[in-house]
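Here is what each chain is made of, one letter per residue.
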Amino acid sequence: MIANFFLRGIDRSAILVIAILLAVAVLVPAANLYLPVTSPFHVPSYVVPLVGKYLTYGLLALSVGLIWGYCGILSLGHGAFFALGGYAMGMYLMRQIGTRGVYGHPILPDFMVFLNWQELPVAWWGFQYFPYAMLMVVLVPGLLAFVFGWFAFRSRVTGVYLSIITQAMTFALLLGFFRNNFGFGGNNGLTDFKEILGFNVQAPMTRGFLFAASAIALAFFYVICRSIINSRFGKVIIAVRDAESRTRFIGYRVENYKLAVWTLSACMAGVAGALYVPQVGIINPGEFDPANSIEIVVWVAVGGRGTLVGPIIGALVVNYMKTYFTTGALAPYWLFVLGSLFIGVTLFLPKGIVGTLGGLIGRERRVKTPAAEAPATNPQPQAAE
Amino acid sequence: MNEKAKTALLYLDGVSVSFDGFRALNALSLVIEPGEMRAIIGPNGAGKTTMMDVITGKTKPDEGEIYFAGTVDLRKMDEASIASLGIGRKFQKPTVFESQTVYDNIELALAGKRTPFAVLWHRRTKEEEDRIEGILATIRLGEKRNWLAANLSHGQKQWLEIGMLLAQEPKLLLVDEPAAGMTDAETAETAILLKEIAKTKSVVVVEHDMTFVRDLDVKVTVLHEGSVLSEGTLDHVSADPRVVEVYLGR
Ligand SMILES: Nc1ncnc2c1ncn2[C@@H]1O[C@H](COP(=O)(O)OP(=O)(O)OP(=O)(O)O)[C@@H](O)[C@H]1O
Ligand SMILES: [Mg+2]
């Protein structure tokens, strides 16, 4: 049953994506660690965590692309799930610091000692264990999404209203995490990490592994998404996207389908956050900023909504541009660039980079094989009656 | 609930629905027997579509009783559970899944488990493929199975929707204006198809096209201002002075 499910996900284009990601997972760290600096193929050390970060953004974009592109749920709060996964990882990393902190307290992280706390809050219990922390990485975002989705989808909140409450959710978390007495490091967040599973987080070897883990996680979730889309479940969620009420009238309980993809998507975002934190070395409440969540939507729109590679490519392209623009004299103009990009894509490439390229390639193929009788136009989803 | 309700397939009694004070259905009562085919006619705004909305759970009635198969109270159920009970519906404006193929549209409607996990692991069986082929042949869209539904003509969409309805294997079919936008030849074929379906299922058809209704040759109910104005054979209702007045008075 499960094998069949995955086999369905691994079609020809999926194999290409997986092959590229796995090759990148091995080659980039290897080119950093084992090639001499003088080699033209040497990858500088600063590039590894940078591209690793892009890959976690790719996974985050994939999670939004799944629900938005295929089920029509526009989340403007997915940064929250990413940040929660990141905090869960951050808490594990904090507890690995032990006596090496500024205050040298064996159990309490520095910020707690600084706040004069005497004992570890319950929420932090168990986070010294890696498997427990990893469980929380998926469980916390997953549970929040489940509860949120349960109420929202059952009350049939859709469209703009749903987007607004997702935004409110991440904003509420932003305010909570900013407060010192919330217990997660307040304004400063969690940082100064030392070790992960006993390895120095800053060591090139560790970074190589984190990079590889990010690429593999992306490939893994890509296959899961692909399998879902290729199953009958995938057809149902596309039906929900295009004509929600019609889907109900043939007997599908729409809220359960939405809840399932929504929760899965939040778990994916959580994993992305957990891989992001050790590579950038910090997690703070800024990650909950509503603007971050909106940026994710821009990545997906740029890459191509309604495809699975599109969001990944969008995340890589936009973030590469961001790095490029924010490190030079153009830094103050980044937001203008992002805004223009979004408007430009919406106006001129409504299907995004991948959707547009795919359309061109598809047209060529059809010209070669006139036997394919399906007309070329892709209809716009239409509102249900 | 009275005796009649227990034997009927569909039983509506005193059903009223108001939209902002406007009574779209006004103490409507209607009984459909198992295996029956019924045509419903009535001027625009008579409440025909609203009646289907109320039966299928889209709109909740303000007053009145609605029972299916004798005992099932439809007022307490949502659209998905009513559909799963065996009530299928074709909409007035054809609504198919435009971005999916004709084949996938039928597959989605195919009777079977509807829970997310069952659907996730499901693999299309040989029987299901045969069912889909059979339906594609019935609705004459076999050639266009790989077309996106969006690219079908209006009439073909109507037929696709009827095909989806068949795939659901409902006990009761509610068909809202199946002949709208069809050529005369298509309309005649649609009447033949519906009569064929009615041999094994109960069917309620709403239609304005009188030639079509005559072709069906079944009991006719005339709705007007949300309640039943007249009922009987087409000849009987056409001769009813109140019906004549409603149709000519406009
Ligand atoms: N959701 C709604 N909100 C407000 N008014 C409504 C709603 N649905 C229906 N109505 C009104 O109720 C009345 C009955 O509408 P209904 O669609 O049932 O008529 P109909 O008999 O199907 O007409 P037609 O032959 O034009 O399809 C109309 O006056 C319509 O404007
Ligand atoms: Mg109507």
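The following refers to the structure shown. Values in this document were obtained by computation on a predicted structure and should not be read as measured data. (Residues numbered from 1 in each chain as written. Chains lettered and ligands numbered in written order. Predicted model: local features only at pLDDT ≥ 70, side-chain atom pairs only at ≥ 80, totals over all residues.)

**Notes on the overall build of chain B**
For clarity, the threshold we go by: Under the DSSP-based scheme used, a helix requires at least four consecutive residues in state H or I and a strand at least two consecutive residues in state E, with every element numbered from the N terminus. The atom set for the radius of gyration is the C-alpha atoms, and the globule formula is 2.2 Å times the number of residues raised to the power 0.38. Three exposure classes are used, all based on how many other C-beta atoms lie within 10 Å of a residue's own C-beta (placed from the backbone): buried at 20 or more, exposed at 12 or fewer, and partly exposed between those limits. Contact between two residues is assigned whenever their backbone-derived C-beta positions fall within 7 Å.
Helix and strand counts for chain B come out as 11 helices and 10 strands. On C-alpha atoms alone, chain B measures out to a radius of gyration of 18 Å, which is about the 18 Å that the 2.2 N^0.38 rule sets for 250 residues. Principal-axis analysis of the C-alpha atoms places the extent of chain B at approximately 55 × 40 × 35 Å. Counting all 250 residues of chain B, 46% fall into the buried class. Long-range pairs, those at least 24 residues apart, make up 66% of the contacts in chain B between residues at least 6 apart in sequence.

**Considerations on the interface of chain B and chain A**
Tallying the contact residues gives 31 residues for chain B and 32 residues for chain A. Among the elements of the structure, α3 (79–85), α4 (102–109) and α5 (116–121) of chain B are those that each provide at least two residues to the side of chain B that touches chain A.

**A look at the environment of Ala5 of chain B**
All names here are of chain B. Looking at the element boundaries, Ala5 is found in helix α1 (residues 3–7). Overall, Ala5 belongs to the partly exposed group, with 17 C-beta atoms counted inside 10 Å. Separated by 26 residues in the primary sequence, Ala5 and Val31 have C-alpha atoms spaced 7.8 Å apart.

**Description of the packing of helix α3 (residues 47–71) of chain A against helix α12 (residues 290–303) of chain A**
Residues and elements named next belong to chain A. What counts is decided by this rule: Interaxial angles span 0 to 180 degrees and are taken between N-to-C directions of axes, which are lines fitted to C-alpha atoms, for helices over the stretch in contact. By the definition adopted for this analysis, an angle is roughly parallel if under 35 degrees, roughly antiparallel if over 145, roughly perpendicular if from 65 to 115, and oblique otherwise. Three classes are used, and their members are as follows: Ala, Val, Leu, Ile, Met, Phe, Trp, Tyr, Cys and Pro are nonpolar, Asp, Glu, Lys and Arg are charged, and the others, Gly among them, are polar.
Close contact between α3 and α12 brings their axes to 9 Å; oriented N to C, the two are set at 70°. Between α3 and α12, the interaxial angle falls into the category roughly perpendicular. Where α3 approaches α12, its residues Leu60, Ala61, Val64, Gly65, Trp68 and Gly69 are matched on the opposing element by Ile296, Val297, Trp299, Val300 and Gly303. Looking at the contact of α3 with α12 residue by residue, the classes come out as eight nonpolar, three polar and no charged.

**Thoughts on the sheet that holds strand β1 (residues 10–19) of chain B**
Residue and element names in this part refer to chain B. Worth spelling out the cut-off: A pair of strands is treated as paired once DSSP finds two or more bridges between them.
A sheet is described by the order of its strands in space; here four strands give the open sequence β2-β1-β4-β5, paired in antiparallel fashion. With partners counted over all chains shown, the strands left at the sheet margins are β2 (22–32) and β5 (72–73), one partner each. In this structure, strand β4 (residues 63–68) lies alongside β5, joined through two bridges in antiparallel fashion. By the bridge assignment, Tyr67 is partnered in β5 with Asp73. Where helix α2 (residues 48–55) meets the sheet, its contacts fall on β1, β2 and β4, and the angle it forms with β2 comes to roughly 70°.

**With respect to the sheet that holds strand β7 (residues 172–176) of chain B**
Think of a sheet as strands paired side by side through backbone hydrogen bonds, with each pair either parallel or antiparallel. Residue and element names in this part refer to chain B. As summarised here, the arrangement of the six strands in space is β6-β7-β8-β3-β9-β10, forming an open sheet in which the pairing is mixed. The strands lining the two open edges of the sheet, one partner per strand, are β6 (87–90) and β10 (227–232). Going across the sheet, the axis of each strand differs from the next one's by a mean of 20°, ignoring polarity. Along the sheet, α2 makes contact with β3 (37–41), β6, β7, β8 (202–206) and β9 (219–224), crossing β7 at roughly 150°.

**A few points about the packing of helix α2 (residues 12–33) of chain A against helix α8 (residues 204–230) of chain A**
All names here are of chain A. At a minimum axis separation of 9 Å, α2 and α8 run at an interaxial angle of 180°. Between α2 and α8, the angle is such that the two are roughly antiparallel. The segment α2 lies against α8, with Ala14, Val17, Ile18, Leu21, Leu22, Val24, Ala25, Val26, Val28, Pro29, Asn32 and Leu33 engaging Pro204, Met205, Gly208, Phe211, Ala212, Ala215, Ile216, Leu218, Ala219, Tyr222, Val223 and Arg226. Across the contact of α2 with α8, the residue classes break down as 21 nonpolar, two polar and one charged.

**Regarding the environment of Leu175 of chain A**
All names here are of chain A. Tracing the sequence through the fold places Leu175 in helix α7 (residues 159–178). Classification of Leu175 by C-beta neighbours within 10 Å gives exposed; the count is 11. Put simply, Leu175 and Asn187 are 12 residues apart on the chain and 9.8 Å apart in space, counted from C-alpha to C-alpha.

**Focus: the nonpolar core**
Residue and element names in this part refer to chain A. Heads up, the rule is: Each nonpolar core reported here comprises buried Ala, Val, Leu, Ile, Met, Phe, Trp, Tyr and Cys residues connected via C-beta atoms within 7 Å.
In this structure, Leu59, Leu60, Ala61, Leu62, Leu218 and Val271 are the most contacted members of the largest nonpolar core, which totals 173 residues. When residues of this core are assigned to their parent elements, the largest contribution, 17 residues, is made by helix α11 (residues 254–280). In contact with Ala61, other than residues within four places in its own chain, are Ile296, Trp299, Val300, Gly303, Pro311, Ile312, Gly314 and Ala315.

**Some details on the environment of Phe97 of chain B**
Looking at where Phe97 of chain B falls in the secondary structure, it is placed in the loop between β6 and α4. Through-space distance from the C-alpha of Phe97 of chain B to that of Ala150 of chain B is 7.7 Å; in sequence the pair is 53 residues apart. Apart from the residues within four sequence positions on either side, Phe97 of chain B is in contact with Ala239, Asp242 and Ala243 of chain A together with Asn105, Leu108 and Ala149 of chain B.

**Details of the pairing of β7 of chain B**
All names here are of chain B. To be explicit about the condition: Orient the strands so they point away from the viewer; a crossover is then right-handed if the path from the first strand over the helix to the second runs clockwise.
Counting buried positions along β7 yields five of five residues, so the element is predominantly enclosed. Of the two faces of β7, the one lined by Leu172, Leu174 and Asp176 and the one lined by Leu173 and Val175 are each fully buried. With four bridges connecting them, β6 and β7 associate as parallel partners. Residue pairing across strands places Lys90 opposite Val175, the latter belonging to β7. With five bridges connecting them, β7 and β8 associate as parallel partners. Paired with Leu172 across the bridge in β8 is Ser202. Tracing the backbone out of β7, into helix α8 (residues 184–198) and back to the parallel element β8 gives a crossover that is right-handed.

**With respect to unusual backbone geometry**
Residues and elements named next belong to chain B. Backbone geometry at Asp20 places phi at a positive 50°, although glycine is not the residue there. Relative to the helices and strands, Asp20 resides in the loop between β1 and β2. The exposed category is assigned to Asp20, around which 4 C-beta atoms lie within 10 Å. Although it is not a glycine, Glu169 adopts a positive phi angle of roughly 50°. For Glu169, a count of 15 C-beta atoms within 10 Å gives the class partly exposed.

**So, the pairing of β1 of chain B**
Residue and element names in this part refer to chain B. With seven bridges connecting them, β1 and β2 associate as antiparallel partners. Looking at β2, one finds that Leu12 is bridged to Leu30. Connecting the antiparallel pair β1 and β2 is a turn made up of two residues, with Asp20 showing a positive phi of about 50°. With five bridges connecting them, β1 and β4 associate as antiparallel partners. Bridge pairing in β4 places Asp13 opposite Glu65.

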